[in-house]
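Read off the chains here:
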Amino acid sequence: MSENQDQRKREEIEKSSNNSDSDEEQQRRPLLPHSNELKIMAENNEQPDNKENDEGTAEEHSRPELRRVSSYYTPYLEDRLRRKLKFYFMGPHEKFKAKKKCPWKMLLQILKIIIVTIQLVIFGYERSEFVGYVEKNNLALKHLYLKNWEPGFETMPYPPATGKYALYDIPTLVDYINNAVKKFYKTEEQALGSVKFVHNSDGTIKPMSFCSIHYLKGEIFENNNTYSLDSQTVTSCTDLILNGNDFDILDYLKNRNVSLKFDRILKIELRFHLKSYHLDIDNGLTAPECFHVKGKVVYDDSSRNGQMLIDLITTLHEFDCTGEYSFQEAESQERIKNTIFDIFVILVSVLSSILCIRSVVRGLQLQKETVTFFKKRYRKDLPTADKLEFVNFWYLMIVLNDILSVVGSSLKITIENRTKKTASCQHASSSSDNYDLCGLMLGTGNLLVWLGVLRYIGFFKTFNILVIVLKKAFPDIIRFLVCALIIYFGFMFAGWVVLGPYHIKFRHISTASECLFSLLNGDDMFVTFSATVTDNNLVWYYSRIYLYLFILLFICAVLNLFTGVILDTYEIIKDYAKDDSFPKSALDLFIEECDDPPSSHAYRREDRSCNPLSCLCCCNRSDPDRPNEHTGLLN
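Numbers given for residues are sequential positions, taken from 1 along each chain in its written order. A pLDDT threshold of at least 70 governs which residues receive local features in this predicted model, and a stricter bar of 80 or more applies before side-chain atom pairs are shown or counted, although totals over entire chains, interfaces and linings include all residues. Note that the side-chain values use all heavy atoms of the structure and ignore hydrogens as well as water.

### Regarding the packing of helix α14 (residues 465-499) against helix α15 (residues 509-520)
Only the contacting stretch of a helix is used when fitting its axis, a line to C-alpha atoms as for every element, and angles between N-to-C directions run 0 to 180 degrees. Starting at the N terminus, helices and strands are each numbered in turn, a helix being any DSSP run of H or I of at least four residues and a strand any DSSP run of E of at least two. Relative orientation of the contacting elements α14 and α15 amounts to 125 degrees, with a least axis distance of 9 Å. The orientation of α14 with respect to α15, classified from their angle, is oblique. In this structure, α14 crosses over α15, and the sense of that crossing is right-handed. Taken together, the residues of α15 that come into contact with α14 (itself represented by Y488, F491, M492, F493 and W496) are I509, A512, S513, L516 and F517. Residue classes follow a fixed rule: Ala, Val, Leu, Ile, Met, Phe, Trp, Tyr, Cys and Pro count as nonpolar, while Asp, Glu, Lys and Arg count as charged, and any other residue, Gly among them, counts as polar. Counted by class, the contact of α14 with α15 contains nine nonpolar, one polar and no charged residues. The labels follow the angle: roughly parallel below 35 degrees, roughly antiparallel above 145, roughly perpendicular from 65 to 115, and oblique for the rest. Two helices that cross are described as forming a left-handed crossing if the nearer one is turned anticlockwise from the farther one by less than a right angle, and a right-handed crossing if clockwise. We call two residues in contact whenever any of their non-hydrogen atoms come within 4.5 Å of each other.

### Quick look at the side chain of S209
Here S209 shows up in strand β3 (residues 208-221). When a residue's accessible area, from a 1.4 Å probe over protein chains only, is under 20% of the maximum for its type it is buried; when over 50% it is exposed; and in between it is partly exposed. Overall, S209 belongs to the buried group, its relative accessible area being 16%. Any pair of nitrogen or oxygen atoms within 3.5 Å is treated as a polar contact; in protein, a donor-acceptor pairing is required on top of that, and neighbouring residues in sequence qualify only through side-chain atoms on both sides. Within the structure, S209 has its side chain in polar contact with the side chain of D239 (distance 3.0 Å). Those residues in contact with S209, other than ones at most four positions away along the chain, are T238, D239, E269, L270 and R271.

### Here's the deal with α14
The first and last C-alpha atoms of α14 sit only 44 Å apart over 35 residues, clearly below the 51 Å expected at 1.5 Å per residue. If you check which residues of α14 are buried, you get V469, A473, I477, F480, A484, Y488, F491, M492, G495 and L499. One less than the number of residues in a helix, times 1.5 Å, gives the span that helix is expected to have.

### Remarks on the state of the cysteines
The definition used for a disulfide is geometric: two cysteine sulfur atoms within 2.5 Å. Evaluated as defined, the whole model comprises one disulfide. Through a disulfide, C211 is tied to C237; the S-S separation comes to 2.1 Å. With the S-S bond torsion at 115 degrees, the cross-link from C211 to C237 turns out right-handed. Linking C211 in strand β3 with C237 in strand β4 (residues 226-240), this pair joins segments that are 26 residues apart in sequence. Look at C211 and you get buried, because its relative accessible area is 1%. By relative accessible area, which is 45% here, C237 ends up partly exposed.

### Quick notes on the environment of Y435
Following the sequence through the fold, Y435 ends up in helix α13 (residues 432-457). In sequence terms Y435 and F130 are 305 residues apart; their C-alpha atoms lie 8.6 Å from each other.

### Some points on unusual backbone geometry
Positive phi is not limited to glycine here, since R304 has a value of about 55 degrees. Phi angles above zero are rare outside glycine, and R379 is one such case at about 55 degrees. Inspection of the secondary structure puts R379 in the loop between α10 (328-377) and α11 (384-388).

### Points about the packing of aromatic side chains
In this description, a pair of aromatic rings is defined by centroid distance and the angle of the planes. Stacked, edge-to-face and tilted labels apply to pairs of Phe, Tyr and Trp rings (six-membered ring for Trp) whose centres lie within 6.5 Å, assigned for plane angles under 30 degrees, over 60, and everything in between, in that order. Counted by the stated rule, this structure contains 33 aromatic pairs. Between F247 and Y252, the aromatic rings sit 5.5 Å apart at their centres with planes inclined by 45 degrees, giving tilted as the arrangement. Per residue, the accessibility class of F247 equals that of Y252, and both read buried. When the centroid spacing of 6.2 Å and the interplanar angle of 85 degrees are considered together, the rings of F491 and F554 count as edge-to-face. Here F491, found in helix α14, pairs with F554, found in helix α17 (residues 537-579); they are 63 residues apart in sequence, far enough to count as distant. For F491, a relative accessible area of 12% translates into the label buried. Residue class for F554 comes out buried when judged on its relative accessible area of 2%. Clustering of aromatic rings is evident, with ring pairs tying together Y488, F489, F491, F506, Y542, Y546, F550 and F554.

### So, the pattern of salt bridges
By convention in these notes, a salt bridge is any Lys or Arg side-chain nitrogen within 4 Å of a carboxyl oxygen on Asp or Glu. For the structure on display, the rule yields 14 salt bridges. When the shortest N-O distance is used, the salt bridge between D402 and K112 registers 2.5 Å. Residue D402 is located in helix α12 (residues 393-416), and its partner K112 is located in helix α6 (residues 104-145); the two are separated by 290 residues in the primary sequence. Of the two residues examined, D402 and K112, each falls in the buried class. A salt bridge links D436 to R127; the shortest N-O distance between them is 2.5 Å. With a gap of 309 residues between them, D436 in helix α13 and R127 in helix α6 connect regions that are remote in the sequence. Of the residues examined, D436 reaches a relative accessible area of 36% and is grouped as partly exposed.

### Topic: the pairing of strand β5 (residues 265-278)
With ten of 14 residues buried, β5 lies mostly within the body of the structure. Where strand β2 (residues 195-197) meets β5, three bridges bridge the pair, whose relative direction is antiparallel. Residue pairing in the sheet places V195 in a bridge with S276 of β5. Taken together, the six bridges between β3 and β5 define a ladder with antiparallel strand orientation. By the bridge assignment, C211 is partnered in β5 with E269. For two strands to count as paired, DSSP must find a minimum of two bridges between them. Relative to strand β6 (residues 289-300), β5 runs antiparallel, the two sharing twelve bridges. Its bridge partner being in β6, R271 is matched across the sheet by K296.

In structure tokens:
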């Protein structure tokens, strides 16, 4: 019995020792993730090692040391990332082959070019018509109110064929003012256009006002050659009411105890108000427009040089007027059509922005994934130039032109529907400022839309030579222009200071720069030489040396060097294109390891995304792993 008991005890001890050994081995064994966890970690590009594994390996010294792997990227994950990158940098036609998805962004951009251009043409005709009416209305009033006004003052020939429209003595000034006042009160009788007076609440005509802008105090004492001057300016206005046909401004002001000190006068303004009615007979679908004309005849002697310049300035503001006209219903229908078309442009632009912003976000996400891969797989950071490849600036430009198109179309709608005003919604009036702002938005947006087409042309190697050359030569061009502009600005300021008083093209800094830029392109050289008017021989010889030196330096040196910079880049690009040996970055070398052509089923096999547009599209891709009756037996 004792022997059996001893045998049992020994067996229990051995069994307990075996169990303890197995527990210790389980504690020392590294805690590895399950298969599902490994799959999730692989998709998230995570490494399998963790703190528990580290602790387990640290406790066991007898087992071989477990080394931390540099990356957990399998060959399949690397190939998958290469395919994603290769697909991202494909053109629309290649993406269609790869995943059989309709190139919605490209089709939308083509549609947008068509409708935005049509919209711009329609608005361009409307704006030209309005601006023409404003200019002709102003010229008509100049012929009515300004004495001895000639058509020669209306043209812009160069060199000027006529002198400035100005006065030089007091009697002539008084005569011109009297003529303007008399003509104003005969506007309704003599004007050919639909111009009417503005009436006050009591039914009387709103009169013309005589406004004198002069120094508060200014006297010259001839005995001791001294003067007293207060530079503060004062504006005093007096209504001019005409009684009868005879009118003299000096007697009229004298009867009202208003004296004119011609030594202190800077400006004289005859301010007036009129109403103008515009009816476009050529376009039978435009309702009559009513404008409030706020104008003034200005006699300007601000520089006090004895020459008083004359000008007539008008601003038009539309006001509400009601009436009946035979084509009212047709005009309303035409306006509704234009509004619907503008709304369609806005919707297309908004959809274009959404698609482009989505592409930009996806590019940034792919950039982040690629940077993480290079850090974990190759232990190095992706170069900045390669990171910028994921930021598609074409998309940003498209978003900008979409914003301009939306703003311009909205403003166009408010201008065209200006007669439908409610208490809660005030529409933009038909004025030069509103037309100019709308034209700026639509014109710039249309320009960027057409420039965006270069993105799609750039995918064809035979057509994108201009884009590639400019992109490659851009840093050299900037460096060259910095040096050239330093010399250019030196000539510009010197010409403005020295030749400005004696040369019409150098009177202002802006005109001096425009003159030099024209000379740089070989324009109007002889006139620039001959337009120097001075008896000072020093200035005359300086102008010759100055112009010869600028022309020789910029035309013979700067322009040729600038052309050489671009031609050198073109030759380099041409040599690269001949052998297809363009310099490749680390990102390009990584993508080149993917041998899958755009027609490979691998792209469609890995694509599980489905959006409403692609699902409804007739060219929706099919999964090669799911054959149907249309699938061929041999691929």
